[in-house]
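# Coordinate analysis (summary)
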Amino acid sequence: MSKLILVPTPIGNLKDITYRALEVLSSVDLILAEDTRQSGKLLKHYNIQTPLQSHHMLNEHRSVGSICSKILSGTTIALISDAGTPGISDPGFLLVRTCIEKGIPVETLPGPTALIPALVNSGLPCERFCFEGFLPVKKGRKKRLEALQSEQRTMIFYESPFRLVKTLEEMTEYFGSDRYACVSRELSKVFEENKRGHLSDIAEYYRNNTPKGEIVIIVGGKRQ
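Residues numbered from 1 in each chain as written. Predicted model: local features only at pLDDT ≥ 70, side-chain atom pairs only at ≥ 80, totals over all residues. Heavy atoms only, no water.

### Structural notes on the side chain of H55
Rule in force here: Secondary structure elements are taken from DSSP: a helix is a run of H or I of four residues or more, a strand is a run of E of two residues or more, and numbering for both begins at the N terminus. Only protein chains enter the accessibility calculation, which uses a 1.4 Å probe. A residue is then buried if its area is under 20% of the maximum for its type, exposed if over 50%, and partly exposed in between. Two N or O atoms count as a polar contact when they lie within 3.5 Å, although within protein this holds only if one can serve as hydrogen donor and the other as acceptor, and sequence-adjacent residues are included solely when both atoms are side-chain atoms. Any two residues having at least one pair of non-hydrogen atoms within 4.5 Å are treated as being in contact.
Within the secondary structure layout, H55 lies in the loop between strand 3 (52–54) and helix 3 (60–72). For H55, a relative accessible area of 0% translates into the label buried. At 3.4 Å, the side chain of H55 forms a polar contact with the side chain of S63. Discounting chain neighbours no more than four positions away, the residues touching H55 are L32, A33, E34, E60, S63, I67, L79, P91 and L95.

This is the structure in structure tokens:
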């Protein structure tokens, strides 16, 4: 039976892909990719010839219907993002929900995602945590930070290197300068960096050391 398969891809080191992921990407009829140029590098590295089609946040609302029609007509499709697991701060949710509504089987493979290695590596409690993804850039940002002031679980955020210092400064203001945190940068890559300490100290570090690459911020919850 044709279906939609969500396939996690490496967040940096191409060796982190699973055998099963490679098998699926080689055997499906079509691969939906957030950026076909970026994903093309991965497929070329593993000599995978499956056709690629663009599927990203700017076109997913228009293309979901036609994608579901293809699956219903017998086409098995894999969905990948630029890095990590589709649907986690990347396109995927809308397509998955629509497939479920239409009775289309959906399968998700286990695999790479940035948030779990960053969490475990932070030294902060990881038996209970909440994933916040990217904070709103403008509207709703203050409200979100205020709502998280009383959060007792370890918090996980994604952030752009261009907004990292601003975000750390705001977290210092809302959560307290002595709140313990860890910033993980370029996970699984050659220049991986994990900066641990108080929010104020990490903010000062990145004011003096311009960050680059993909970033995960782990912040300790409020102490009881």
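### Digging into the sheet that holds strand 9 (residues 193–198)
Put simply, the rule is: A pair of strands is labelled paired if DSSP reports no fewer than 2 bridges between them. Note on geometry: axes are lines fitted to C-alpha atoms, helical ones only across the stretch in contact, with angles between N-to-C directions running from 0 to 180 degrees.
The strand order 6-7-10-8-9 describes an open sheet built from five strands, whose pairing is mixed. Of all the strands in the sheet, the pair left with one neighbour each is strand 6 (129–134) and strand 9. On average, each strand axis in the sheet is inclined to that of its neighbour by 15°, with strand direction left out of account. Sheet analysis places strand 8 (residues 180–185) next to strand 9, joined by six bridges and oriented antiparallel. Within strand 9, the residue paired with S184 across the bridge is N194.

### Things to note about the sheet that holds strand 5 (residues 106–108)
The strand order across the open sheet formed by five strands is 3-2-4-1-5, and the pairing between neighbours is parallel. Only two strands of the sheet have a single partner each, and these edge strands are strand 3 and strand 5. Strand-to-strand twist of the sheet, defined as the mean angle between neighbouring strand axes without regard to direction, takes the value 25°. In the sheet, strand 1 (residues 4–6) pairs with strand 5 via three bridges, with the strands oriented parallel. If you follow I5 over to strand 5, its bridge partner there is E107. Across the sheet, helix 2 (residues 36–45) touches strand 2 (30–33), strand 3 and strand 4 (77–80), and the angle it forms with strand 3 is around 155°. Sheet strands touched by helix 3: strand 1, strand 2, strand 3 and strand 4. Its angle to strand 4, the strand with the most contacts, is close to 140°.

### Overview of the packing of helix 6 (residues 141–148) against helix 7 (residues 164–175)
Filter applied, for reference: By the definition adopted for this analysis, an angle is roughly parallel if under 35 degrees, roughly antiparallel if over 145, roughly perpendicular if from 65 to 115, and oblique otherwise. In this scheme the crossing of two helices becomes right-handed for a clockwise turn of the near helix relative to the far one and left-handed for an anticlockwise turn of less than a right angle. When residue character is reported, Ala, Val, Leu, Ile, Met, Phe, Trp, Tyr, Cys and Pro are called nonpolar, Asp, Glu, Lys and Arg charged, and the others, Gly included, polar.
Where helix 6 contacts helix 7, the axes come no closer than 10 Å and their chain directions differ by 45°. Regarding the angle of helix 6 to helix 7, the classification is oblique. Crossing handedness for the pair helix 6 and helix 7: right-handed. Seen from helix 6, the contacting residues are R141, K142, L145, E146 and L148; seen from helix 7, they are K166, T167, E170, M171, Y174 and F175. By residue class, the composition of the contact of helix 6 with helix 7 is five nonpolar, one polar and five charged.

### Thoughts on the pattern of salt bridges
Rules: For salt bridges, the criterion is a side-chain nitrogen of Lys or Arg within 4 Å of an Asp or Glu carboxyl oxygen.
A full pass over the atoms with the stated rule returns eleven salt bridges. With a closest N to O distance of 2.6 Å, R141 and E170 form a salt bridge. One end of the pair, R141, is in helix 6; the other, E170, is in helix 7, with 29 residues separating them in the sequence. Shared partners join several salt bridges into a network, and the residues in it are K3, R20 and E107.

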